[in-house]
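# Structural overview for review
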Amino acid sequence: MKKYYLLGEKLSHSYSAVIHSFCGLDYALMELPPEKLGEFVKSKEFDGLNVTMPYKKSIVPFLDEVDGIAEKTGAVNTVLNKNGKLIGYNTDYYGLKYAIETAKITLKNKKVLVLGSGGAGIVAENLAKDEGAASVEIVSRMGALNYGNIYDREDTQVIINATPVGMFPFTDGAACDVSRFKKLEGAFDCVYNPFRTKFVLAAEKAGARASGGLTMLVAQAIYSEKIWGETTCETADETKGCENKIRAALGETIKRETNISLVGMPGAGKTTVGRIVAEKLGMKFCDTDEEIEKTAGESPEKIIEKYGEERFREIESETVKSLSALKGAVIATGGGIVLNEKNVEKLRSFGIVIWLGRDLNLLAKNNRPLSKSMPISRLFGQREGYYVAASDKKIENDEAAEKTAEKIITEIFG
């Protein structure tokens, strides 16, 4: 069986093995210090490589040939060992193109800033120019345009983050404050772990179309397999020809590496539907109220009765923080979880959020003290806007729970 590797210096955050193993390849992570790079590449003891930071440029001198976009950008992320001849390619370009198009972010005639001058930044710069951007500027730490004067470009319309800032486990950072760009329309982050970085969350809050890099990662991986001869795409089109394979691999990666959270009114059926979704997808299931009862030794209803809602919300937030750090979980949440912005940020950072709607007259009220303390319509009126802001999509739970679960799965995975 042919052997493939991801080559990089530190790879603990990588999803590449998940993607390529799903596609049936013998694929492993190869962490190397810089001084070992040449020795490994010259050994040619592999059939193909993916290349990530910090070797996308430094690998080039060890190759026999560099093709197309890789030559144009000076960055290689895919290597084919063709009968002992090492050929470098760049599939990041096509992965980024596919992901930006999927996110419906427009580059044509837009003023674009690219954060980062490394291999990914050069790829983003070239793509934006090829797509007909009105202007493209690279922001770097030491360049003429840097993170000190970046806000002079206040009329920027699209920002692409091609730096590792915000990548797991250092998720609290963002390369810039996107809220200061008042004309911002689109923001793309090449970082894929977490699912949504601070950069992406802030861009969403500012009203821009925004996306993290998971789709880009999966797309470039499938394009690599095409170069290695391990997959045949539906058409020859560079960015659309492999769409079915990309969607399948993306779905598997979402199931393995991110979460699906259900928000909505108390009694909307989040626990029942969530259990079914988890079972159908082979994911873990967690319920925030059940987890609170396990750790606190008392039900949410009892905690509210004895200590008040404020104390309950504190416990609830700690529970959300813990559960959102899981991977491959379906999380059913309490009805008021969306009232805390930090809770929403955690859920959205690490996965997809579905708002489970239901006719107010059908909402269950047992063991739900806040639902009994005021009219349901009033409670819903207070929370509706929070559900909208927290969720990626609303799914109505107006049929049997099994059918609602199927609607959620179809919505996410197609």
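Given the structure is predicted, the values throughout are model-derived calculations rather than measurements. Residue numbering note: each chain is counted from 1, following its sequence as written. For a predicted model such as this one, the threshold for reporting local features is a pLDDT of at least 70, and the threshold for listing and counting side-chain atom pairs is 80 or more; totals across whole chains, interfaces and linings nevertheless cover every residue. By convention in this description, side-chain values take in all heavy atoms of the structure and omit both hydrogens and water.

Strands here mean DSSP runs of E at least two residues long; helices mean DSSP runs of H or I at least four residues long; both are numbered from the N terminus. Its place among the elements puts His13 in the loop between strand 1 (3–8) and helix 1 (16–22). Only protein chains enter the accessibility calculation, which uses a 1.4 Å probe; a residue whose area is less than 20% of its type maximum is buried, one above 50% is exposed, and one in between is partly exposed. On the basis of relative accessible area, His13 is assigned to the buried category, the value being 13%.

Right, let's talk about the pattern of salt bridges for a bit. A carboxyl oxygen of Asp or Glu within 4 Å of a side-chain nitrogen of Lys or Arg is what we treat as a salt bridge. This model, assessed by the stated rule, comprises 32 salt bridges. Across the pair Lys280 and Glu406 runs a salt bridge, and its minimum N-O distance is 3.8 Å. You can see Lys280 sitting in helix 9 (residues 270–281) and its partner Glu406 sitting in helix 16 (residues 401–413), a full 126 residues away along the chain. Under the relative-accessibility criterion, Lys280 is labelled partly exposed at 38%.

In this section: the pairing of strand 1. A regular strand carries its side chains on alternate faces of the sheet. For strand 1, a buried count of 5 out of 6 residues is recorded, marking the element as mostly surrounded by other parts of the structure. One ladder, built from 6 bridges, connects strand 1 with strand 2 (residues 26–31); its direction is parallel. Of the residues in strand 2, the one forming a bridge with Lys3 is Asp26. Strand pairing requires that DSSP identify at least two bridges connecting the strands. The pairing of strand 1 with strand 3 (residues 48–51) spans 4 bridges and is classified as parallel. When the bridges of strand 3 are listed, Tyr5 appears paired with Leu49.

For the rest of this paragraph, the subject is unusual backbone geometry. In this structure, Pro54 follows Met53 across a cis peptide bond, with omega equal to 5 degrees. Mapped onto the fold, Pro54 is located in the loop between strand 3 and strand 4 (65–66). Note that the residue after Asn193, namely Pro194, is joined by a cis bond; omega there is 20 degrees. By the element assignment, Pro194 lies in the loop between strand 10 (186–189) and helix 6 (198–205). At Asn83, a position not held by glycine, the phi torsion is positive, near 55 degrees. Tracing the backbone shows Asn83 in the loop between strand 5 (78–82) and strand 6 (85–89). On the basis of relative accessibility, which here comes to 80%, the residue Asn83 falls in the exposed class. The phi dihedral of Lys104 falls on the positive side, at around 60 degrees, and the residue is not glycine. Of note, Lys104 is situated in the loop between helix 4 (92–102) and strand 7 (111–115). You can call Lys104 exposed: its relative accessible area is 59%.

Counting 35 residues, the largest nonpolar core has Leu214, Ile246, Val277, Ile354 and Ile408 as its most contacted members. Elements with a contribution of two residues or more to this core: helix 7 (214–228), helix 8 (243–257), strand 12 (259–263), helix 9, strand 15 (351–357) and helix 16. Sort the elements by how many residues they give to this core and helix 7 lands first, with 7 residues. The contact criterion used is simple: two residues touch if any of their non-hydrogen atoms lie within 4.5 Å. The contact partners of Leu214, leaving out residues within four places of it in the chain, are Tyr15, Tyr192, Phe195, Leu250, Thr253, Ile254 and Thr258. Ranked by size, the runner-up nonpolar core spans 22 residues in total, among them Ala99, Leu107, Ala124 and Cys190. Residues enter a nonpolar core if they are buried and are Ala, Val, Leu, Ile, Met, Phe, Trp, Tyr or Cys, with the set joined through side-chain atoms within 4.5 Å.

All right, on to the sheet that holds strand 4 then. Across the sheet, which stays open at both edges, the 6 strands sit in the order 2-1-3-5-6-4 with mixed pairing between neighbours. Two strands close off the open sheet at either side, each with one partner strand: strand 2 and strand 4. Its contacts with the sheet put helix 7 on strand 1, strand 2, strand 3, strand 5 and strand 6, and the angle it makes with strand 5 is roughly 15 degrees. To obtain each axis, a line is fitted to C-alpha atoms, and for helices this fit is confined to the stretch in contact; angles are then taken between N-to-C directions over 0 to 180 degrees.

Further remarks concern the pairing of strand 12. With 5 of 5 residues buried, strand 12 is to be regarded as a mostly interior element. The side-chain alternation of strand 12 yields two buried faces, one formed by Asn259, Ser261 and Val263 and the other by Ile260 and Leu262. As defined by bridge partners, strand 12 adjoins strand 15 across 5 bridges and the pair is classed as parallel. Its bridge partner lying in strand 15, Ser261 is registered against Val353. Relative to strand 14 (residues 329–332), strand 12 runs parallel, the two sharing 3 bridges. Within strand 14, the position partnered with Leu262 by the bridge is Ala332.

Packing of helix 10 (residues 288–296) against helix 12 (residues 309–324) leaves a shortest axis separation of 10 Å and a crossing angle of 105 degrees. Relative to helix 12, helix 10 is oriented roughly perpendicular. Here Thr288, Asp289, Glu291 and Ile292 of helix 10 lie close against helix 12, whose contacting residues are Phe312, Ile315, Glu316, Thr319 and Leu323. Considered class by class, the residues forming the contact of helix 10 with helix 12 number 4 nonpolar, 2 polar and 3 charged. An angle below 35 degrees is read as roughly parallel, one above 145 as roughly antiparallel, one from 65 to 115 as roughly perpendicular, and any other as oblique. Amino acid classes used here: Ala, Val, Leu, Ile, Met, Phe, Trp, Tyr, Cys and Pro are nonpolar; Asp, Glu, Lys and Arg are charged; the rest, including Gly, are polar.

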